[in-house]
Amino acid sequence: MSNQITRLFDFAYHQLATNPQQKCFNTKIDGKWISTSTQSYIDQANCISRALLRLGVTPNDKIAVVTSTNRVEWSILDIAVLQIGAVNVPLYPTISSDDFQYIINHSDAVLCFVSDNELAEKVLKIKDKTQLNDIYSFDTIEGFSSWESLLKLGEDESNQSEVELLIKQVLGANLATIIYTSGTTGTPKGVMLSHKNIVENTFTSAKALNFTPGNYMVLSYLPICHIFERFALYYYQNMGFEIYFAESIDKLGDNLKEVKPHFIPVVPRLLEKIYDKIVDKGGNLKGIKKMLFFWSLDLGKKYEPYRENGWWYHFQLNIANKLVFSKWREALGGNIKFLVSGSAALQPNLIRVFTAAGIPVFEGYGMTETSPGISINDFRNKGFKIGTVGRILDDMEVKIAGDGEILVKGSNVMMGYYKNSALTNETIVDGFLHTGDIGELDADRFLKITDRKKEIFKTSGGKYIAPSAIEGLLKESRFIEQAMVIGEGEKMPAAFIQPHFEFLLAWAKHKGLQFDGSNENVIQHKKVRKRIQKEIDKVNEKLGKWEQIKAFELTSESWSVENNLLTPTLKMKRKIILQNYSHLYIKIYKN
């Protein structure tokens, strides 16, 4: 690790000293990409630091930040806050006003920065119930304090010496950020991470990513309030990459084609959606083109790394790559060297197909509490094994407890939960973080995640059910977008299933089925239920008799962040889904 980088803001200063970039950050404004150089980035950060000091911000003060999209102001503010010893508290834009109020109050935030009018109004509603002194907006909004006013306040450099003194006083061991986990259950927890936690994990993770410093371009689109994307931004700065901010998730496809990035981190749900769109387009092809598309797709599903399938398979794969998969690569910009997937389990079929298509997907494993990286797949040194989350990263220790829980020890393990020493002591025991995940290490030291400890349940017959593994198999079906396995304390496992309505309606049209347009009528149709049952039967063939899905109910609404059924990182909120569909639960088990 570089001796020059021990605090998060050191990444920017290190880039300025060793590899200054003219296009450090790039933002689309009025149809044009506008660049911010390394020098301008740091100059603006110092300006904001001076302004914050004039507002009375002191070391250890908490500054809340929430943006709808990633933007350069976030990174500027990040340095400005951290280098004067204050603490960055990022929030998800999609959480409720009640959650905003809870997190702002619990974190003791004194200022809140927002990106736009919608978020400003959302925070304003609860401001009087918090200790916030003010709300600042990156966009200029009438009635709100503006980013521009802060830059103006900081123009006077007479207190820059105070900034420099505070920079020297910040230690690697100091608290840098409190990240509130979105949580699939219960109240958000404030994860305290030090500069050292994230800095050292950034260097450790960098060893596992096959890049060298150079003229690479990356696209930033995952929420920066999530540790996965935040780590990525620090990594990019250290490597001297050009960082482009996607305009929105809806324009991601257009931005990929414009920027032609070499790397993007992904979450499984995004990759699933990309795959579904590709396959839907393939389904609309005719004749020989359609035949070639699905021949290539089937070939991709059989992919094994390191040419284990033999010469004949790879001869065919070369043909598939030229005729079909080359178009996939073009859709992602044409330059992608690999994707790293984190945040949740990824279907092995997707890893096989995309990797066969020349878009390698390396599944990794991490948590907010581990800053985030724990393990990752990597083509080098036989480090790629489908169905695992890779080998453990250097400089950390992982062991499996007697009940199968994964325990992690290293400099990446959090300082603790903010204002919750009891939970901290319960989670970190003898230096080992209890992850709550169940897994195993194979003979080659690859880590495999089998389930969440809290999600495993027993049926009334005493049989253990690991729901996430079954749910992953169900979601391999193009007819199924989301699935949640239920049945704790019941005689059998069952499932709530949210169909992939776009694909289901296309299938129904092809079969000549007529609906009035209502999803409720779609899911009640006998032929639709019969088709979903067929998909479940395929999955049941792969399961033990005790874990087979014996009943299911379909939901007419799509599960989303907006209707509070998914977390901001697109994980299922199991308790809320169970409450929301209690009538379906009764229909399954009480009839």
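What comes next concerns the included structure.

What counts, and where the lines are drawn
Residues numbered from 1 in each chain as written. Predicted model: local features only at pLDDT ≥ 70, side-chain atom pairs only at ≥ 80, totals over all residues. Heavy atoms only, no water. Axes fitted to C-alpha atoms, helices over the stretch in contact; angles between N-to-C directions. Helix = DSSP H or I, 4+ residues; strand = E, 2+ residues; numbered from the N terminus. Left-handed = near helix turned anticlockwise from the far one by under 90°. Contact = heavy atoms within 4.5 Å. Nonpolar A, V, L, I, M, F, W, Y, C, P; charged D, E, K, R; others polar. Patch = residues over 30% accessible without salt bridge, like charges linked within 9 Å, V, L, I, M, F, W, Y side chains within 5 Å. Areas by Shrake-Rupley, 256 points an atom, 1.4 Å probe, with all protein chains shown as cover. Salt bridge = Lys/Arg side-chain N within 4 Å of Asp/Glu carboxyl O. Core = buried A, V, L, I, M, F, W, Y, C linked by side-chain atoms within 4.5 Å. Buried < 20%, exposed > 50% of the residue type's maximum accessible area, 1.4 Å probe, protein only. Pairing = 2+ DSSP bridges. Lys, Arg positive; Asp, Glu negative; His and termini not counted. Charge placed at Lys NZ, Arg CZ, Asp CG, Glu CD. Phe/Tyr/Trp six-rings, centres within 6.5 Å; stacked < 30°, edge-to-face > 60°. Lys NZ or Arg CZ within 6 Å of the ring centre and 35° of its normal. Arc of directions from axis to C-beta. Polar contact = N/O pair within 3.5 Å; in protein donor to acceptor, adjacent residues only side chain to side chain. Parallel < 35°, antiparallel > 145°, perpendicular 65-115°, else oblique.

Points about the packing of helix α12 (residues 287-301) against helix α14 (residues 348-356)
Item 1. Running from N to C, α12 and α14 cross one another at 115 degrees; their axes reach a closest spacing of 7 Å. Viewed along their axes, α12 and α14 form a crossing whose handedness is right-handed. Within the contact between the two elements, α12 uses Leu297, Gly300 and Lys301 and α14 uses Asn349, Arg352, Val353 and Ala356.
Item 2. Grouping the constituent residues of the contact of α12 with α14 by class yields three nonpolar, two polar and two charged.

Observations regarding a nonpolar patch on the surface
Item 1. Among the surface-exposed residues, Trp295, Trp311, Trp312, Phe315, Ile319 and Leu323 lie close enough to one another that they form a single nonpolar patch of about 660 Å² accessible area.
Item 2. Of all the elements, helix α13 (residues 311-331) adds the most residues to the nonpolar patch, at five residues.
Item 3. Within the secondary structure, Trp312 sits in helix α13.

Some thoughts on the nonpolar core
Item 1. Counting residues in each nonpolar core, the largest one holds 128 residues, and the members touching the most others are Ile48, Leu52, Phe113, Tyr235, Tyr236, Trp328 and Phe354.
Item 2. The biggest single contributor to this core is helix α9 (residues 227-239), with nine residues.
Item 3. Apart from residues no more than four positions distant in its own chain, Tyr235 is found in contact with Thr202, Ala206, Leu209, Phe211 and Phe241.
Item 4. Counting 27 residues, the second largest nonpolar core, distinct from the first, contains Phe100, Leu119, Ile135 and Ile141.

Some thoughts on unusual backbone geometry
Item 1. Pro372 follows Ser371 through a cis peptide bond whose omega is 0 degrees.
Item 2. Along the chain, Pro372 falls in the loop between β14 (361-366) and β15 (373-376).
Item 3. Phi is positive for Arg445, which is not a glycine, with a value near 70 degrees.
Item 4. Checked against the element boundaries, Arg445 lands in the loop between β21 (432-441) and β22 (447-452).
Item 5. Given the relative accessible area of 45%, Arg445 is considered partly exposed.

Some thoughts on the sheet that holds strand β27 (residues 551-554)
Item 1. As summarised here, the arrangement of the three strands in space is β25-β26-β27, forming an open sheet in which the pairing is mixed. Of all strands in the sheet, those bounded by a partner on one side alone are β25 (480-486) and β27. Strand-to-strand, the axes of this sheet are offset by a mean angle of 25 degrees, without reference to chain direction.
Item 2. With four bridges joining them, strand β26 (residues 494-499) and β27 adopt parallel strand pairing. Looking at the pairing, Ile497 lines up with Leu554 of β27.

Points about a positive patch on the surface
Item 1. A contiguous patch of positive charge on the surface is contributed by Lys511, Lys527, Lys530 and Lys534.
Item 2. The residue Lys530 is located in helix α19 (residues 526-540) in this model.
Item 3. Assessed through its relative accessible area of 66%, Lys530 is described here as exposed.

Concerning the pattern of salt bridges
Item 1. Counted by the stated rule, this structure contains 29 salt bridges.
Item 2. Residue Lys28 pairs with Glu247 through a salt bridge whose shortest N-O separation is 3.4 Å. Taken together, the residues span a long stretch of sequence, with Lys28 in strand β1 (residues 25-29) and Glu247 in the loop between β11 (242-245) and α10 (252-259) at a distance of 219 residues.
Item 3. On the basis of relative accessible area, Lys28 is assigned to the buried category, the value being 18%.

What about helix α3 (residues 72-82)?
Item 1. Burial analysis of α3 places eleven of its eleven residues in the buried class, the great majority of the element.
Item 2. Buried residues of α3: Val72, Glu73, Trp74, Ser75, Ile76, Leu77, Asp78, Ile79, Ala80, Val81 and Leu82, and no others.

Digging into the packing of aromatic side chains
Item 1. Throughout the structure, instances matching the rule amount to 37 aromatic pairs.
Item 2. Between Phe138 and Trp147, the ring centres sit 5.1 Å apart and the planes meet at 90 degrees, which makes this aromatic pair edge-to-face. In terms of burial, Phe138 and Trp147 fall into one category: buried.
Item 3. One residue, Lys399, lies across the ring of Phe432, its end atom 4.2 Å from the ring centre.
Item 4. Its end group placed over the ring of Trp546, Lys463 keeps NZ or CZ at 5.8 Å from the ring centre.

Here's the deal with helix α5 (residues 117-127)
Item 1. Looking at α5, one finds that the buried residues are Leu119, Ala120, Lys122, Val123, Ile126 and Lys127. Angularly, the buried residues of α5 cover 165 degrees about the axis, an arc narrow enough to put them on a single face. Relative to its buried face, α5 has exposed residues pointing more than 90 degrees away, namely Glu118 and Lys125.
Item 2. Residues of α5 that are buried sit in contact with β3 (62-66), α4 (97-107), β5 (109-114) and β6 (134-137).
Item 3. Of the residues that open α5, the one with a side-chain oxygen 3.3 Å from the backbone nitrogen of Glu118 is Asp116.

Some thoughts on the packing of helix α1 (residues 10-18) against α9
Item 1. In the contact formed by α1 and α9, the axes pass within 8 Å of each other and the chain directions differ by 20 degrees. Comparing their axes, α9 and α1 come out roughly parallel. By crossing handedness, the relation of α1 to α9 is classed as left-handed. Note on element contacts: α9 touches α1 through Tyr234, Tyr236, Gln237 and Asn238, opposite Phe11, Ala12, His14 and Gln15.
Item 2. Within the contact of α1 with α9, the residues separate by chemical class into four nonpolar, four polar and no charged.

Observations concerning the environment of Asn159
Item 1. In this structure, Asn159 sits in the loop between α6 (147-153) and α7 (160-169).
Item 2. Residue classification places Asn159 among the buried residues on the basis of a relative accessible area of 10%.
Item 3. The spatial distance from the C-alpha of Asn159 to the C-alpha of Asn580 is 55 Å, given a sequence separation of 421 residues.
Item 4. Sequence-distant contacts of Asn159, defined by excluding residues within four places in its chain, comprise Arg50, Leu53 and Arg54.
Item 5. At 3.0 Å, the side chain of Asn159 and the side chain of Arg54 are in polar contact.

Let's talk about the side chain of Thr38
Item 1. Structurally, Thr38 can be placed in helix α2 (residues 38-54).
Item 2. Taking the relative accessible area as the measure of exposure, Thr38 reaches 1% and is therefore buried.
Item 3. Looking at Thr38, its side chain comes within polar contact range of the main-chain nitrogen of Gln21, at 2.8 Å.
Item 4. What Thr38 contacts, discounting residues up to four positions off in sequence, is Ala12, Gln15, Leu16, Pro20, Gln21 and Cys24.

Keep in mind these values describe shape, not function.
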